[in-house]
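Spelled out from the first residue to the last, the chains are:
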Amino acid sequence: MPDIRTCIQTGLGESPQADAFADQLRNIEDIDGLIALREQVALQKRQAVLQAQKISLAQKAMLGDARGAHVALSSMLGRDVYGEGRGLNIDFRKKAITHDMQAIFSEPMIAMGPRAFDFLRKESDAPERLVRALYGDTSDPRLNTYAKAWRETAEYARQRFNEAGGNIKKREDWNLPQSHERAKVAEATADEWIDFIYDKIDLDEFKDFSGRPLQEGEIREVLEGIYDAIRTDGFSRQDPTVLPPRGGKKLANKYQEHRVLQFKDADSWLEYQGRFGQDDIYGTLTSHMEMMAHEISLLETFGPNPNLAYKQLLQQAKAIDESSGIGYNAGYVDGLWKTVSGQSESIANVRASDWGSNTRNLLTAAQLGSALISAISDRAFSKMTRDFNGVTE
């Protein structure tokens, strides 16, 4: 009987990818791991098809724009004042998606929003009670209704993200996004942060690829990496000795590691937010909606790997405009993309990052008009979910 490597090479062809696939199969200890690997391969194929489709649509838009390919490309990134985005505008999509989520979550937003005069705003513990309702406290019927609306909103975002090629698994125990204040985390040592969070999170979520539960030492090693990523705003994940993959990591795959940090109960979540996060619960929820809307708009416009798509389109725009004798400003387009994708946020000096956040917000608004993007520093929701994965899209 042929060995597993021969079988895989017969089906996939001889390649380093086939060899890696075979090695992964050897390490799988149960059927669940095999099923997960099969789903991973299917997802990669689907993502490749979606990526090709989105690049093709963008290419057609560039070729059909009389203003030039670079202008057409820039009109896909931010607000297109001339309305020539041809349905591929990230800003337009983001607004529409945000409105869809706000419609689902409208009643809690009206009740808990900064302009509301509902009884919830008069009760200082209302946001805390909402958190407890999300973690299973059924004592307050109105808060239970709001918790249900939040779950429906988050599920809408998850499904739409996945339809665009994303990979967020359905989790019945996921309740709330997490905010991580970089400055607060940086004031603590790694051991202090790990000791504080260790007993508050579900340790059963820490498993390797084969599904084997990690031991305490391995869990602490993972948490130390997450601590460094929060403290340095993701810079610690950028190893200068390792070349990044061509086009960067897929935005579509970015949320899996973040969901490892699952707090056991409402008290654990609230204690962490009070010590290392943002205590504005309403702001945390609405910022999560804004962030997801932007990420979805990127996927729906440029495919599962927006950074790779952009690099290809920028090269093609240069060729198109040069062949047509049309002048262009590639630096402006590239700067706009770095702002949209959040790449301009990846800096090592934490204090410089904090100092520059207000200036960056003003520049972002000037470049993108009404586009509200995940690149903007928001004290209500840290972008740690992107940066500790090393994702730059």
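The rules we used
- Residues numbered from 1 in each chain as written.
- Predicted model: local features only at pLDDT ≥ 70, side-chain atom pairs only at ≥ 80, totals over all residues.
- Heavy atoms only, no water.
- Helix = DSSP H or I, 4+ residues; strand = E, 2+ residues; numbered from the N terminus.
- Buried < 20%, exposed > 50% of the residue type's maximum accessible area, 1.4 Å probe, protein only.
- Contact = heavy atoms within 4.5 Å.
- Areas by Shrake-Rupley, 256 points an atom, 1.4 Å probe, with all protein chains shown as cover.
- Core = buried A, V, L, I, M, F, W, Y, C linked by side-chain atoms within 4.5 Å.
- Axes fitted to C-alpha atoms, helices over the stretch in contact; angles between N-to-C directions.
- Parallel < 35°, antiparallel > 145°, perpendicular 65-115°, else oblique.
- Left-handed = near helix turned anticlockwise from the far one by under 90°.
- Patch = residues over 30% accessible without salt bridge, like charges linked within 9 Å, V, L, I, M, F, W, Y side chains within 5 Å.
- Salt bridge = Lys/Arg side-chain N within 4 Å of Asp/Glu carboxyl O.
- Lys, Arg positive; Asp, Glu negative; His and termini not counted.
- Charge placed at Lys NZ, Arg CZ, Asp CG, Glu CD.
- pLDDT = per-residue confidence, 0-100.
- Polar contact = N/O pair within 3.5 Å; in protein donor to acceptor, adjacent residues only side chain to side chain.
- Phe/Tyr/Trp six-rings, centres within 6.5 Å; stacked < 30°, edge-to-face > 60°.
- Lys NZ or Arg CZ within 6 Å of the ring centre and 35° of its normal.
- Expected span 1.5 Å × (residues − 1).

*Asks:* Hey, could you run me through the overall build of the protein in this one?
*Replies:* When its secondary structure is counted, the protein shows 18 helices and 0 strands. Looking at the protein residue by residue over its 393 residues, the buried ones come to 48%. Contacts in the protein between residues at least 24 apart in sequence constitute 74% of all its contacts with a sequence separation of at least 6. In the form shown here, the protein has an accessible surface area of approximately 19400 Å², with 53% of it arising from carbon and sulfur atoms.

*Asks:* What should I look at first to understand the nonpolar core in this one?
*Replies:* Proteins that are soluble and globular tend to have nonpolar side chains buried together. Of all hydrophobic cores here, the largest spans 54 residues; its most connected members are L130, W150, W193, I197, L223 and Y272. Put simply, the parts of the chain that give this core at least two residues each are α5 (90–104), α6 (106–112), α8 (126–134), α9 (141–163), α11 (190–198), α12 (216–231), α13 (266–276) and α14 (281–302). A per-element tally of this core places α14 first, with 9 residues. Non-local contacts of I197, meaning those with residues more than four positions away in its chain, are made with L223, L261, F263 and Y272. If you look at the next biggest cluster of nonpolar residues, it comprises 23 residues, including I55, M76, Y310 and V333.

*Asks:* I keep staring at the packing of α5 against α9 and nothing clicks. Help me out?
*Replies:* Geometry of a packed helix pair, given as the angle between the helix axes and the separation of the axes. Two elements in contact, α5 and α9, have axes whose closest approach is 8 Å; the angle formed by their N-to-C orientations is 155°. If you check the angle between α5 and α9, you find them roughly antiparallel. Crossing hand, α5 versus α9: right-handed. Across from I97, D100, M101 and I104 in α5, the residues of α9 making contact are A149, E152, T153, Y156, A157 and R160.

*Asks:* Is there a simple way to explain α11 in this structure?
*Replies:* What α11 keeps buried is the set A190, W193, I194, F196, I197 and Y198. Packing partners of the buried residues in α11 comprise α10 (182–187), α12 and α13.

*Asks:* Please clarify how a negative patch on the surface should be interpreted in this entry.
*Replies:* A contiguous patch of negative charge on the surface is contributed by D191, E192, E221 and E224. Of all the secondary structure elements, the ones that give two or more residues to the negative patch are α11 and α12. Looking at the element boundaries, E221 is found in helix α12.

*Asks:* For this particular structure, what's the right way to read the confidence of the model for the protein?
*Replies:* If pLDDT is low for a region, its predicted coordinates should not be looked at in detail. Per-residue confidence for the protein averages 76 on the pLDDT scale, and 66% of its residues sit at or above 70. Within the protein, helix α18 (residues 384–387) has the poorest average pLDDT of any element, 36, and α11 the best, 96. Of the regions scoring below 50 in pLDDT, residues 237–248 engages in 18 contacts with residues more than four places distant in sequence or in other chains. Confidence drops under pLDDT 50 across residues 347–393; counting only partners more than four residues distant or on other chains, this segment forms 115 contacts.

*Asks:* Help me out: how do you make sense of the environment of F161 in this one?
*Replies:* By the element assignment, F161 lies in helix α9. The class of F161 is buried, set by a relative accessible area of 0%. Separated by 138 residues in sequence, F161 and L299 have C-alpha atoms that sit 7.6 Å apart.

*Asks:* I keep staring at the side chain of E181 and nothing clicks. Help me out?
*Replies:* If you trace the backbone, E181 turns up in the loop between α9 and α10. Side-chain polar atoms of E181 contact the side chain of Q278, separated by 3.3 Å.

*Asks:* Help me out: how do you make sense of the packing of helix α4 (residues 69–77) against helix α16 (residues 330–341) in this one?
*Replies:* Contact pair α4 / α16: the axes reach a minimum separation of 10 Å and the direction vectors enclose 20°. Judged by the inter-axis angle, α4 sits roughly parallel to α16. Judged by the twist between their axes, the crossing of α4 over α16 is left-handed. Between α4 and α16, the contacting residues are H70, L73, S74 and L77 on the first element and A330, Y332, V333, L336, W337 and V340 on the second.

*Asks:* Explain the packing of aromatic side chains to me, please; I cannot follow it from the model alone.
*Replies:* Ring pairs (aromatic) are described by centroid distance and by the angle formed between their planes. The final tally for this structure, using the stated rule, is 8 aromatic pairs. Taking the centre distance of 4.8 Å and the plane angle of 15° together, the rings of Y310 and W337 count as stacked. Within this pair, whereas Y310 is found in helix α15 (residues 306–324), its partner W337 is found in helix α16, the two being separated by 27 residues in sequence. Classification of W337 as buried rests on a relative accessible area of 1%. The ring centre of F196 lies 4.0 Å from the NZ or CZ of K200, which sits over that ring. Taking the ring centre of F196 as reference, the NZ or CZ of R275 above it sits at 5.2 Å.

*Asks:* Would you mind showing me how to read α9 here?
*Replies:* Three- or four-residue spacings in an α-helix give side chains the same orientation, since the helix completes a turn every 3.6 residues. Helix length check: α9 (23 residues) gives 33 Å between terminal C-alpha atoms against 33 Å at 1.5 Å per residue, within 8%. Listed in full, the buried residues belonging to α9 are L143, Y146, A147, A149, W150, T153, A154, E155, A157, R158, F161 and N162. Backbone nitrogen of R142 and a side-chain oxygen of the N-cap are separated by 3.1 Å at the start of α9; the cap is D140. Just downstream of α9, G165 is the residue with a positive phi angle, here 110°.

*Asks:* Please explain the environment of P127 as it appears in this structure.
*Replies:* Here P127 is to be found in helix α8. Here the alpha-carbon distance between P127 and M112, two residues 15 residues apart in the chain, equals 8.0 Å. Once residues within four sequence positions are removed from consideration, P127 is found in contact with M112 and I281.

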